[in-house]
Amino acid sequence: MSVDWGSLATVLVVGVVVTLGLVGLFTLGIAGLSRQEAAVARGTSAPAARVGGWACFALAAAAVGYGISLIAG
Amino acid sequence: MEHITLLIGVVIATALVFDFTNGFHDTANAMATTIATKAMAPRVAVAMSAVLNLAGAFLSIEVAKTISGGIIDEGSGIRPQVIFAGLIGAIVWNLVTWLAGLPSSSSHALFGGLIGATLAAVGTHGVHGDAVVMKVLIPAVASPLVAGLAAAAATRLTYRVGRNAGEHTARRGYRAGQIASAALVSLAHGTNDAQKTMGVITLTLVTGGVLAPGSTPPVWVILSAGTAMALGTYLGGWRIIRTLGRGLTDVTPQQGFAAQTAAATVILASSHLGFALSTTHVCSGAVVGSGLGRKGAVVRWGLAGRIALSWLVTLPAAALVAAGAALLADRGPWGVVADGLVGLVVCAGAWALARRRRVDHRNVNADEPAGVRVAPVALPVAVPLTVPVTAGAVRTGTLAATIAAPATAAPKQAEKEAAL
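Just so it is clear, the structure is predicted and the values come from calculations on it, not from any experiment. (Residues numbered from 1 in each chain as written. Chains lettered and ligands numbered in written order. Predicted model: local features only at pLDDT ≥ 70, side-chain atom pairs only at ≥ 80, totals over all residues. Heavy atoms only, no water.)

All names here are of chain B. Mapping Gly 113 onto the fold places it in helix 5 (residues 106-122). For the pair Gly 113 and Ala 319, spaced 206 residues apart in sequence, the C-alpha separation works out to 4.4 Å. Residue contacts for Gly 113: discarding those within four places in its chain leaves Gly 86, Ala 318, Ala 319 and Ala 322. (Helix = DSSP H or I, 4+ residues; strand = E, 2+ residues; numbered from the N terminus. Contact = heavy atoms within 4.5 Å.)

Residues and elements named next belong to chain B. UniProt's feature table lists "transmembrane region" (unreviewed entry) at residues 40-61, 82-101, 107-124, 136-154, 219-238, 303-328 and 334-354, given in the numbering used throughout. For the annotated span residues 82-101, helix accounts for 90% and strand for 0% of the residues, and the straight-line distance between the end C-alpha atoms is 29 Å. The straight-line gap between the two end C-alpha atoms of residues 219-238 is 31 Å; of that span, 90% is helix and 0% is strand. (UniProt positions renumbered as here; feature names shortened; annotations may be inferred.)

Let us now look at the packing of aromatic side chains. This model, assessed by the stated rule, comprises 6 aromatic pairs over all chains. Residues Trp 54 of chain A and Phe 57 of chain A carry aromatic rings whose centres are separated by 5.4 Å and whose planes lie at 65 degrees to one another, so their mutual orientation is edge-to-face. One end of the pair, Trp 54 of chain A, and the other, Phe 57 of chain A, are both in helix 2 (residues 47-72), 3 residues apart, so they sit about a helical turn from each other. According to the relative accessible area criterion, Trp 54 of chain A is exposed, its value standing at 51%. According to the relative accessible area criterion, Phe 57 of chain A is buried, its value standing at 15%. For the pair Phe 20 of chain B and Phe 24 of chain B, a centre-to-centre distance of 5.8 Å together with 80 degrees between the ring planes defines the contact as edge-to-face. Taken together, the residues span about one helical turn, with Phe 20 of chain B and Phe 24 of chain B both in helix 1 (residues 6-36) at a distance of 4 residues. (Phe/Tyr/Trp six-rings, centres within 6.5 Å; stacked < 30°, edge-to-face > 60°. Buried < 20%, exposed > 50% of the residue type's maximum accessible area, 1.4 Å probe, protein only.)

Grouped together as the largest cluster of nonpolar side chains are 103 residues, with contacts concentrated most on Ile 83, Leu 87 and Leu 248 of chain B. The leading source of residues in this core is helix 4 (residues 80-99) of chain B, at 12 residues. Beyond its immediate chain neighbours, meaning those up to four positions away, Ile 83 of chain B contacts Val 11, Ile 78, Leu 114, Val 200, Leu 203, Thr 204 and Thr 207 of chain B. In terms of nonpolar packing, the next biggest core, distinct from the first, is built from 10 residues, Val 23 of chain A together with Ala 154, Ala 170 and Tyr 174 of chain B among them. (Core = buried A, V, L, I, M, F, W, Y, C linked by side-chain atoms within 4.5 Å.)

Before going further, it helps to examine the interface of chain A and chain B. By convention, interface size is frequently given as the accessible area that disappears when the constituent parts associate. On the side of chain B, 41 residues touch chain A, which itself brings 32 residues to the contact. Remark: the boundary between chain A and chain B carries 0 salt bridges. Our count for the contact surface shared by chain A and chain B stands at 2 residue pairs in polar contact (both at pLDDT 80 or more). With 22 residues, helix 1 (residues 5-42) of chain A is the single largest residue contributor to the side of chain A that touches chain B. (Salt bridge = Lys/Arg side-chain N within 4 Å of Asp/Glu carboxyl O. Polar contact = N/O pair within 3.5 Å; in protein donor to acceptor, adjacent residues only side chain to side chain.)

With that out of the way, let us pick up the side chain of Gln 260 of chain B. All names here are of chain B. Along the chain, Gln 260 turns up in helix 10 (residues 253-272). For Gln 260, a relative accessible area of 3% corresponds to the buried category. Filtering out sequence-adjacent residues up to four positions away, Gln 260 remains in contact with Asn 29, Ala 30, Met 31, Thr 33, Thr 34, Ser 181, Ala 182 and Val 185.

For the rest of this paragraph, the subject is the pattern of salt bridges. Residues and elements named next belong to chain B. A complete count under the given rule lists 4 salt bridges over all chains for this structure. One salt bridge connects Glu 167 with Arg 171, and the closest N-O pair in it is separated by 3.7 Å. With a gap of 4 residues between them, Glu 167 and Arg 171 both fall in helix 7 (residues 167-207), about one helical turn apart. A salt bridge links Lys 196 to Asp 193; the nearest nitrogen and oxygen atoms lie 3.0 Å apart. Placement of both Lys 196 and Asp 193 in helix 7 is noted, with a separation of 3 residues, approximately one turn of the helix. The exposure class assigned to Lys 196 is buried, which follows from its relative accessible area of 1%.

A word on the confidence of the model for chain B. Predicted coordinates in areas of low pLDDT are best not read in detail. Residue and element names in this part refer to chain B. On average, residues of chain B score 78 in pLDDT, and 82% of them reach the 70 mark or higher. Of all the helices and strands in chain B, helix 14 (residues 383-391) carries the lowest mean pLDDT, 35, while helix 11 (residues 279-293) carries the highest, 89. Low confidence marks residues 369-420, where pLDDT is under 50. Its contacts with residues over four positions away, or in another chain, come to 33 contacts. (pLDDT = per-residue confidence, 0-100.)

Looking now at the packing of helix 4 of chain B against helix 5 of chain B. Residues and elements named next belong to chain B. Interaxial distance between helix 4 and helix 5 falls to 7 Å at its minimum, and their mutual angle equals 140 degrees. Comparing their axes, helix 5 and helix 4 come out oblique. Both helix 4 and helix 5 take part in a crossing whose hand is right-handed. Contact residues: helix 4 offers Val 82, Ile 83, Ala 85, Gly 86, Leu 87, Ala 90, Trp 93 and Asn 94, while helix 5 offers Ser 106, Ala 109, Leu 110, Gly 113, Leu 114, Ala 117, Thr 118 and Ala 121. When its residues are assigned to classes, the contact of helix 4 with helix 5 shows 11 nonpolar, 5 polar and no charged. (Axes fitted to C-alpha atoms, helices over the stretch in contact; angles between N-to-C directions. Parallel < 35°, antiparallel > 145°, perpendicular 65-115°, else oblique. Left-handed = near helix turned anticlockwise from the far one by under 90°. Nonpolar A, V, L, I, M, F, W, Y, C, P; charged D, E, K, R; others polar.)

Here we take up a nonpolar patch on the surface. Among the surface-exposed residues, Leu 12, Val 13 and Val 17 of chain A together with Leu 149 of chain B lie close enough to one another that they form a single nonpolar patch of about 340 Å² accessible area. The element best represented in the nonpolar patch is helix 1 of chain A, accounting for 3 residues. The residue Val 13 of chain A is located in helix 1 in this model. Look at Val 13 of chain A and you get partly exposed, because its relative accessible area is 49%. (Patch = residues over 30% accessible without salt bridge, like charges linked within 9 Å, V, L, I, M, F, W, Y side chains within 5 Å. Areas by Shrake-Rupley, 256 points an atom, 1.4 Å probe, with all protein chains shown as cover.)

Okay, here's the thing in structure tokens:
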């Protein structure tokens, strides 16, 4: 019997890297929108932070969509 | 389709019953942390999970194929009775663990049942031993570790990156993130577990000579399997939700989000590589990992150990019950009937026992996870003292005012809290 260590290692690496990537992106999105929140509280605006925040969310959503297309494929 | 006999009909019905127990056993996987952090109301959460389970059932049939042709040898003379016995074993074990509130793997119960019944009925050549080790046992050990590691790292990361986040944005953001990641886990659960039942029904139809070996599941099989599981999910296995969401560790929104994302990623990555892993193992591992990743979080290792023990026991226990059922079913039609009766008695018994200590959407977030004895909070004896405390209105310093204050609403509130 041969254990397929390669596939196991792939699951480990992909699992950790993709999770960190998704959670990291999403949290960056929250951080970006937080700056906007803080700016609004000061009576100004932080357009760059806001756009960046939404871009992070969009990237994370795209990654999820890719994942679903993988299982559907 | 004209050759579906009574026996095959019974086996298909039993498979759908198993699918139903699978649904309510595993609602916790997708929704426990989401419900515990109150990101979604319990009923709404299980409804969403049910819909996505059904949708997931239509996404893919890859796993169904590994069941019907993978671990059990279709050509070794397995008859529908054997599959029936396997399903009885799986259902019995699922109900026992549900009563105990233990998140054991429905997939392992199913595999164990099928393996046990096959061993008893046709002997060792009916089971592909290599496939069992490679596709079932190794993923069972590896997947919770991988998911736990990913969840721990992700929890640490999200706390670090989001440490300056504004309160309002963070609350809304993590809530959305939790809902999205729970939805993804539900979808993955639908594709994985509904397919296992589809595979069993297809295997039955093949052994009964209705379908040619190597056939893919017909549409009515996909639809009925998806629906049975969605119904079970909607009913909600509140006991297990409580264990996973409240028992293992105190889950914050950040942890819930990290754990669910890790679980979804690991499930998708490994199903893409052809491991039929247990959603339950992955999700429990991820919850424990998220507890390790947050500073100051407590992981209740005693409960985690008990859960791990139930994982070890699940496959052999279901196999043992199924082997007994298979020996009985082999005696003839009366044996099959006897098996069916035993199954019904266990279902009725479990249902009756569950009613005695009810766990449902109303008390799922109460502070005493099933089977875990949390030190009870000592309720102050003097009534006038407890009321203002629970009502959150007045402190002990102004005791004179507090005795006068609570009139009607506050005692009711206190009663409610005491009852929980």
